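Geometric and topological summary
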Amino acid sequence: MPVSQLPVMQRHIEIVETLPFIHRDPFDRLLVATAKVEDMTILTVDENIHKYDVRYAW
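The paragraphs below set out a description of the structure included in this document. Counting restarts for each chain: residues are numbered from 1 in the order of the written sequence. Restriction of local features to residues with pLDDT of at least 70 applies here, the model being predicted, together with a cutoff of 80 or more for giving and counting side-chain atom pairs; totals for whole chains, interfaces and linings are based on all residues. Only heavy atoms go into the side-chain values, all of them from the structure, while hydrogens and water stay out.

Put simply, DSSP H or I for four residues or longer makes a helix, DSSP E for two residues or longer makes a strand, and each gets a number counted from the N terminus. A tally of regular secondary structure across the protein gives three helices and two strands. In sequence order, the protein lays out its α and β elements as α-α-β-α-β. The size measure is the radius of gyration over C-alpha atoms, and the globule rule it meets is 2.2 Å times the number of residues to the 0.38 power. Its C-alpha atoms give the protein a radius of gyration of 11 Å, within 12% of the compact-globule value 10 Å for 58 residues. Along the three orthogonal principal directions, the C-alpha set of the protein runs to about 30 × 30 × 15 Å. By the convention used here, residues are in contact when the closest approach between their heavy atoms is within 4.5 Å. Looking at the protein alone, contacts between residues at least 24 apart form 24% of all its contacts between residues at least 6 apart. Here the protein displays about 4,500 Å² of accessible surface, and carbon together with sulfur accounts for 58% of that area. Here Asp and Glu are counted as negative and Lys and Arg as positive; His is not counted, and neither are the chain ends. All charge positions are set by atom: Lys at NZ, Arg at CZ, Asp at CG, Glu at CD. Across the protein, the mean location of the 6 positive side-chain charges is 3 Å away from that of the 9 negative side-chain charges. Throughout, the Shrake-Rupley method with a 1.4 Å probe supplies accessible areas, and for residues the shown protein chains are the sole cover considered.

In structure tokens, the structure reads:
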């Protein structure tokens, strides 16, 4: 499976600002926002990320 970098875009930041404050880590909130915008699945065991309306596995 190919891997590529995804730059942080303005639309990702805009979604971060609308997320409920479930997770205190700003980087994890950015991951959630990016996954939502890009229609991606987050691979994590972090229970706080599981509380967001985002696809996750693990």
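On to the side chain of Arg29, then. Mapped onto the elements of the fold, Arg29 is located in helix α2 (residues 26-38). Exposure categories follow from relative accessible area, calculated using a 1.4 Å probe and restricted to protein chains: below 20% of the type maximum is buried, above 50% is exposed, and the middle band is partly exposed. Whenever a carboxyl oxygen of Asp or Glu lies within 4 Å of a side-chain nitrogen of Lys or Arg, that contact is scored as a salt bridge. An unpaired buried charge is present at Arg29: no salt bridge exists, and Asp25, the closest side chain of opposite charge, is 8.2 Å distant. Within the structure, Arg29 has its side chain in polar contact with the backbone oxygen of Pro20 (distance 3.0 Å). Discounting residues that sit within four places of it in the chain, Arg29 has contacts with Val16, Leu19, Pro20, Phe21, Ile22, His23 and Tyr52. In the analysis that follows, any N or O atom pair within 3.5 Å is treated as a polar contact, provided that within protein one partner can donate a hydrogen and the other can accept it, and provided that, for residues neighboring in sequence, both atoms belong to side chains.

One finds Val16, Leu19, Leu30, Val32, Ala33, Ala35, Ile42, Ile49, Tyr52 and Val54 forming the largest nonpolar core, which totals 10 residues. Residue contacts for Val54: discarding those within four places in its chain leaves Val32, Ala35, Lys36, Met40, Ile42 and Ile49. What is meant by a nonpolar core is a set of buried Ala, Val, Leu, Ile, Met, Phe, Trp, Tyr and Cys residues, joined one to another through side-chain atoms within 4.5 Å.

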